[in-house]
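Architecture at a glance
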Amino acid sequence: MCSGKKGKVLQYEAFINDVLRRDLRAVLEQRDRLYEKMSHYLQLKNAIQSLEEAGPQRLKADVDLGCSFFVQARVDNPSRILVLVGFGFFVEMSHQEALRFIDKKTNQLTLFTEQLTKDAAKIKAHIRMVLEGLRELQGLEELPDVCRKSAAAAQL
């Protein structure tokens, strides 16, 4: 292979490793953070539904003050709760208001995660396209389907 082709191959490999794979990792990490937020909201939804089933009675709970330091708390009237709405702001809501907010917030987060999944698929397609270009540039034979699937899994 001549030095011109070697240089191009190295440029494409660097582009894949330095740009595309980094972008893919960032998109997947962002999507995972959104899934974690959705999980917290769904846990809150389950807790609110449990509170509603229990009725208006006194509530005892362990509260984490930080660094896994817990204290016991007593709530005399659990009919209103504080919900994190974003940017560090909490809003006091009734159970029904909180459930409506959680439904809207999880729907919004679902839309964001779907978009991030599409973005990840596009980046994977770009990686695949550049790899195919490298294969052609180097004059290598096309990989069988079985090898392609294992190679694609190894990219992640």
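Here, the structure is the one placed above.
Model, not experiment: these values are computed from the prediction.

Describing the packing of aromatic side chains
For the structure on display, the rule yields one aromatic pair. Ring plane angle 65° and centroid distance 6.1 Å describe the contact between Tyr41 and Phe101, whose orientation is recorded as edge-to-face. Remark: Phe101 occurs in helix H2 (residues 95-138) and Tyr41 occurs in helix H1 (residues 3-54); sequence separation between them is 60 residues. In terms of burial, Tyr41 and Phe101 fall into one category: buried.

Structural notes on the side chain of His95
With respect to the helices and strands, His95 occurs in helix H2. What makes His95 buried here is its relative accessible area of 11%. Setting aside residues no more than four positions away along its own chain, His95 makes contact with Ile48, Leu51, Glu52, Pro78, Ser79, Arg80 and Ile81.

The rules behind each value
- Numbering of residues begins from 1 in every chain and follows the order in which that chain's sequence is written.
- With pLDDT at 70 or above as the cut-off, local features in this predicted model cover only qualifying residues; side-chain atom pairs require 80 or more to be listed or tallied, and sums for whole chains, interfaces and linings still use all residues.
- The side-chain values count all of the structure's non-hydrogen atoms but skip hydrogen atoms and water molecules.
- Classification of ring pairs rests on two measures: the distance between centres of Phe, Tyr or Trp rings, Trp counted by its six-membered ring, which must be within 6.5 Å, and the angle between planes, read as stacked under 30 degrees, edge-to-face over 60 and tilted in between.
- Only DSSP runs of H or I covering at least 4 residues are called helices, and only runs of E covering at least 2 are called strands; the numbering of each starts at the N terminus.
- A 1.4 Å probe rolled over the protein chains alone gives each residue an accessible area, and that area as a share of the maximum for its type sets the label: buried under 20%, exposed over 50%, partly exposed in between.
- When checking whether two residues touch, look at their non-hydrogen atoms; a contact exists if any pair is within 4.5 Å.

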